[in-house]
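A look at the structure
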Protein chains: 2
Amino acid sequence: MATIYQVSERAGVSLATVSRVMNGSAKVGEATRNKVLQAMQELNYRPNSIAQSLASNCSNSVGMLVSEVHGPFFGEMMSGVENELRSVGKHVIIAAGHSDVESEKDAIEFLISRKCDALILHVDAVSDEYLLELNKQTPVVVLNRHVAGMDENCICLNNELGGYLATKAMLDLGHQQIAYISGPLFKLDVRERLAGHKRALQEAGRAFDEGLFVEGDFHEAGGVAAMEQLLKHKQPFSAVVCANDEMACGAMNCARDHQLDIPADVSIMGFDNVIISRYTFPHLSTIDFPAGEMGRMAARWVRKHIYQDDKLKVQNLFEPSLVLRDSVSRR
Amino acid sequence: MATIYQVSERAGVSLATVSRVMNGSAKVGEATRNKVLQAMQELNYRPNSIAQSLASNCSNSVGMLVSEVHGPFFGEMMSGVENELRSVGKHVIIAAGHSDVESEKDAIEFLISRKCDALILHVDAVSDEYLLELNKQTPVVVLNRHVAGMDENCICLNNELGGYLATKAMLDLGHQQIAYISGPLFKLDVRERLAGHKRALQEAGRAFDEGLFVEGDFHEAGGVAAMEQLLKHKQPFSAVVCANDEMACGAMNCARDHQLDIPADVSIMGFDNVIISRYTFPHLSTIDFPAGEMGRMAARWVRKHIYQDDKLKVQNLFEPSLVLRDSVSRR
DNA sequence: TTGAAAGCGGTACCAC
DNA sequence: GTGGTACCGCTTTCAA
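All figures in this text were calculated on a predicted structure; none of them were measured in a lab.

1. Things to note about the domain arrangement of chain A
Domain annotation for chain A reports domain 1 (4-47), domain 2 (60-157 + 291-320) and domain 3 (159-289). Between domain 1 of chain A and domain 3 of chain A, the C-alpha centre-to-centre distance is 63 Å.

2. Let's talk about the interface of chain A and chain B
Put simply, an interface is often sized by how much accessible area is lost when its parts join up. Taken together, the contact pairs 43 residues of chain A with 43 residues of chain B. Buried area between chain A and chain B, summed over both chains or domains, comes out near 4,100 Å², and the portion from carbon and sulfur atoms is 63%. When the buried surface of chain A facing chain B is broken down by residue, Arg86, Arg114 and Tyr279 of chain A rank first, second and third, together holding 18% of it. Along the contact surface separating chain A from chain B lie 0 salt bridges.

3. Observations regarding the protein's contact with DNA strand D
Lining the immediate environment of DNA strand D, one finds 25 residues, of which Arg20, Gly29 and Thr32 of chain A together with Ile4 and Tyr45 of chain B sit closest. Expressed as a percentage, the sugar and phosphate content of the atoms of DNA strand D within 4 Å of the protein is 65%. Here a phosphate oxygen of DNA strand D and a backbone polar atom of Asn48 of chain B are 3.0 Å apart. Mapped onto the surface near DNA strand D, the elements with two or more residues apiece are α2 (15-23) and α4 (49-56) of chain A together with α2 (15-23) and α4 (49-56) of chain B.

4. Considerations on the sheet that holds strand β7 (residues 213-215) of chain A
Residue and element names in this part refer to chain A. Read from one edge to the other, the open sheet built from 4 strands follows the order β7-β6-β8-β9, with strand pairing classed as parallel. In the strand order of this sheet, the two ends are held by β7 and β9 (267-269), each with one partner. Each strand of the sheet is rotated relative to its neighbour by a mean of 15 degrees, with strand direction disregarded. Two strands pair when backbone bridges link them, and strand β6 (residues 178-182) and strand β8 (residues 239-242) are joined in this way by 4 bridges, in the parallel orientation. For Ala179, the partnering residue across the bridge sits in β8 and is Val240.

Each value, and the rule that gives it
- Residues numbered from 1 in each chain as written.
- Chains lettered and ligands numbered in written order.
- Predicted model: local features only at pLDDT ≥ 70, side-chain atom pairs only at ≥ 80, totals over all residues.
- Heavy atoms only, no water.
- Domains from an automatic or database assignment.
- Contact = heavy atoms within 4.5 Å.
- Buried area = accessible area lost by both parts, 1.4 Å probe.
- Salt bridge = Lys/Arg side-chain N within 4 Å of Asp/Glu carboxyl O.
- Near = heavy atom within 4 Å.
- Polar contact = N/O pair within 3.5 Å; in protein donor to acceptor, adjacent residues only side chain to side chain.
- Helix = DSSP H or I, 4+ residues; strand = E, 2+ residues; numbered from the N terminus.
- Pairing = 2+ DSSP bridges.
- Axes fitted to C-alpha atoms, helices over the stretch in contact; angles between N-to-C directions.

Structure (structure tokens):
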């Protein structure tokens, strides 16, 4: 592999000049530039990115931490990030945090040791304080989580609005008794979605009813259990709004096991619009979570603030939207 | 950030010695080692991985190319790779090839420019010759594709067996007329799966019937179209074996649109066991593709051959297995 | 066992 | 505009 030194020799110029034409950093005479370019061609020269990183103190890499590398949700996000970043020659190093404090910190530590220029994080275990502290040490952008004090670094979804839209859709369809299967309430976005649900209810002049509320776990089994519980209560309802698609699937399966027809007997709504929602039967109505777009935006944040792509605009808040499919019907 | 130089100064030893204790490379006196370790502690020293890479000519990174970063299948694979590699301090750089020749070559070029120590590839557009040539230049391990001439570098699934198991299961359930919806025949694994299907038929003394065969595209819409075609032909069948889960979903949806009950009227089998197969209704029977395990094994190959983890064993061929769920029934 | 020093392949500042 | 050169932080002979 040819080095910059051999190129300079062949072109009959200095190292510095070769470096200049590579980076287009300073003015180089037309003739000189061409000599260098040609020498590069002839030697099939490829810059050594490691050496560049060491000398420039910039690794051209950004670390991305997700809860799980598999999982449709994160796939979309990573895909958005990869796309945006590779188009400008940066690379993304992935790591999984598994929603566990130690594991998340470990992964972040790892990414830092790799000298990432910035970190894109989707974390739910570490504390806000930790993130605030981390952000002093290395640039961080946080996905789907608002951390007070680093607002500019957060790319969020308006979860409250999502919760609102979901329930509002049911109300608009004429449903009066709407059950709600929530996610784990220690998560902020879960509480926001719930708040949206309550706002829709209130706007319609209906009271929030504890008897129609269950806290789930975001997994399918949790959806089954929650539905089971709702059914056992014998408090009537014609619609169920779930805080994510997995639980909605569980709820549908459970309802079916109880000989209930969907959507004739009960309408079901999910949240996230992950790929599986298009494959359920009946196809699940849900709230679209633009994970890919948000990932892309996180990458854009990095481009703008770390790689000085100043003209770029970043959007910190995204809006969810309603996706109506077959799991809901008019009451 | 402290450097090795400051550590050496503080410990009152030379640079070289510090380096030695970091790498455990050569014998270092107990006392000296402790002095160094302590100095590191006190300075909160973290080695600069970029500098290490430059000096050692080893980037400790491996590139992973998948068709799409999203998509459950690749998620599992990447997850396996990430897990295995991070546990030994290596990092994985991801890129997407989008099943397009130029795009795949681009991504590989990109990964090489990042000085990856090895490449783990899931590609379907580039040719065998290209891969062979590439492998001379940089270590490559190929996932789910057998390239003659670099057998040791391929981690494959016994697709033929998978195809066999799928059809065999239908035969065992008493089905006589079994339709087959294939993937794009230009892909090797597709032809292998088909070969397995034929073998099962033959063993049962049944002839392969062109009228019950359709070439699909691996997507849901293709599954719908294929099923539509089968139904139009009016040639009777009681079971459909599909070359992947997406098409199986399409086939199920289409059948349902034609008022056919699954599995009472027609049994359906998929292939891959991606996450969606657990969410369809009825739950899809399928052939398990251990994508995560295979990704992990690819990573192990790299550990063994590139990072000299000699005792590791690598398994080049994986066996698929039958997963029976609700979409099939006895005839 | 330990130290000195020559790289690894670039970047960037300072002269000219 | 171009060249000289001191780093960037670590690895790895080669001697001692």
